[in-house]
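Inside the fold
Residue-level listing of the chains:
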Amino acid sequence: MPAITVAPDPFTLVPYDASTIAQLTAEAAALVGFPDDVAVTLEVDEVLPHPLTGTFVAVGPEGLDIWMSGANFEDPKRPLKFQPELALSELVRALLRAADRLRPEFSGAPTDEDLTDRQRAAWDVWTEGRAHRLGVPATRPDRLLYHYRLHHGFNDVADEVFRRLWDADALTWPEIDEACAETDAADTRERPKKTALRKEQLRAPRPSA
Amino acid sequence: MRKIFPPNELARDERFVRTKIEDRVFDPRNAAMMERDLGSAKLEPSRPAAADRARSLMHGIFVGEIQALEGAGRTCFDFDEDDAPFALKLDMARQCWDESRHVEISVKLGEWMGSEIGEFTESTFLYEAACADDPVLRLCGVNRALEGLAIDVFNAMKEFGDVAGDPVLEFCEDWMLADEVTHVKMGSDWLRRLTEKDPERRNRALEFQRTVDKIFSLGGFRGESDENPVHLARKFRRMAGFDEAEMDDLVEISKQAQADAEAMAAAAAEGGGAYGA
Ligand SMILES: [Fe+2]
Ligand SMILES: [Fe+2]
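To keep things clear, this report deals only with the structure shown in the data block. Keep in mind that what you see is a predicted model, and the values were worked out from it rather than measured.

Another aspect to go through is the coordination of the iron ion (ligand 1). Residues and elements named next belong to chain B. Looking at the iron ion (ligand 1), the protein donor atoms are Glu65 (OE), Glu99 (OE), His102 (ND1) and Glu180 (OE), and they sit 1.9 to 2.2 Å from it. Coordination at the iron ion (ligand 1) is irregular, judged from the 4 donor atoms that bind it and the angles of 80 to 143° they form at the metal. If you look at the iron ion (ligand 1) and the iron ion (ligand 2), they sit 3.2 Å from each other and are both ligated by Glu99. Here the residue His102 occupies a position in helix α4 (residues 86–112), and Glu180 occupies one in helix α7 (residues 167–194), the gap between them amounting to 78 residues. For His102, a relative accessible area of 0% puts it in the buried group. Using a relative accessible area of 1% as the deciding quantity, one classes Glu180 as buried.

This part takes up the interface of chain B and chain A. Every contact between the two is made by 47 residues of chain B and, on the other side, 45 residues of chain A. When chain B packs against chain A, the two sides together hide about 4,000 Å² of surface, and 57% of this comes from carbon and sulfur. At the junction of chain B and chain A, the tally comes to 5 salt bridges. A salt bridge links A:Arg143 to B:Glu119; its shortest N-O distance comes to 2.8 Å. Across the contact surface, chain B and chain A share 13 residue pairs in polar contact (both at pLDDT 80 or more). Mapped onto the side of chain B that touches chain A, the elements with two or more residues apiece are α2 (30–34), α3 (50–78), α6 (135–164) and α7 of chain B. Considering every element that reaches the side of chain B that touches chain A, the biggest residue donor is α3(B), with 6 residues.

Leave glycine aside and you will find that most residues have negative phi; peptide bonds, for their part, are mostly trans. All names here are of chain A. Cis rather than trans, the peptide bond between Ala7 and Pro8 has omega equal to 0°. In this chain, Asp9 is followed by Pro10 through a cis amide linkage whose omega measures 5°. Turning to its location among the elements, Pro10 is positioned in the loop between β1 (4–7) and α1 (18–32). In this structure, Leu80 is a non-glycine residue whose phi angle is positive, near 80°. Among the secondary structure elements, Leu80 is positioned in the loop between β4 (63–69) and α2 (84–102). Residue class for Leu80 comes out buried when judged on its relative accessible area of 14%.

Calculation rules
Residues numbered from 1 in each chain as written. Chains lettered and ligands numbered in written order. Predicted model: local features only at pLDDT ≥ 70, side-chain atom pairs only at ≥ 80, totals over all residues. Heavy atoms only, no water. Donors = N, O, S within 2.8 Å, 3.2 Å for Na, K, Ca; no water. Tetrahedral: all angles 85-135°; square planar, octahedral: opposite > 155°, others 65-115°. Helix = DSSP H or I, 4+ residues; strand = E, 2+ residues; numbered from the N terminus. Buried < 20%, exposed > 50% of the residue type's maximum accessible area, 1.4 Å probe, protein only. Contact = heavy atoms within 4.5 Å. Buried area = accessible area lost by both parts, 1.4 Å probe. Salt bridge = Lys/Arg side-chain N within 4 Å of Asp/Glu carboxyl O. Polar contact = N/O pair within 3.5 Å; in protein donor to acceptor, adjacent residues only side chain to side chain.

Here you go:
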């Protein structure tokens, strides 16, 4: 089992328990087969409420850093309530993507912060498809499909690529990138002229704060 | 059969979970949230968590449709013809039919977006506004204030569908929007007719409308700045009988609601965190 650190401990704004989250992270690591010798540091941003979800993983010499919005663990029906099933599913997906990053086939992948929405959505489909096959609860293709279509387009080419990514057993970063190029070519939507606002903004403090 | 049906007895199955507006207003995270620079709050596909936010809003629309149906139905029944003329009841009956279709459309749209009935909470505030004991107050609180808000929300969702290239969402929102304009116009027309010779009653109803508008501005949910996820759909409101002064007033109400929410969050923060240390 990898060394796991969860912050904050204790939580002050939401009734989450750091040791429960650490236990679920260990369970997720075992399910994914995450290497024991990579230390995991998980920071949960307890400020963000549902539906402001978001996850970033970064692998470095010190180990794996995961940043996750508290909303990813929150029961959508009961504000502030921790939902263990949802948390396990989110952690499995984060660890699957992190495990990908440890493989040489992903050495060319941009950091989570630098992935385009299209690239991230494609990678998320493959990740969730694998989590689904691992028997992880709270993985739903219909749910993810809408998120994916927002970034890849509402058309048959995008849907076909979705099925391929969902069902894939092994992929490399260039293959995910090629899938993105394929949907990009079929996407006739007007692209936003301004730079898309990215998920990392969830973390940013107001300039004056 | 009893008149004025209490909100807590509305028929719902086990999928529905109720929430109170206060739960959101007094969420211990609010003050810290206001310190964040989340950029434009406008609902756009490129914004963080866009799919989840759109689904959550769609579910809010869905439960609003159920309550609009329940409210219009009650207005057909709760008053005799001295208080509510037959032609008004006929309009309310037509509205029931529209809202029934909206409920069905919303359920299907929710499925299309990967959501399901009861995925999010339900607040029964819309129905509560439909429990006023004067039909003119109901028409102002529900048809003008809340269905006016529905115009703004449907317009925002329609634009979201357009930008995302989601033809299903855009088309459905457009159709529902057309009906809501009619419902708001019914409110405007009946307010004028029923209070023609009773300015005091008209003022009371408009005051009730302002109160509902303020509560439902939910600390800046609707307005005309970048910080508001939903913008005022002035063109459609004009078609529904709103004049410019009323719409300017609404923007002011929204600003006030936002300032109030910030003050409440700051006061709550002074009391320290809600859990743990
Ligand atoms: Fe409606
Ligand atoms: Fe309506």
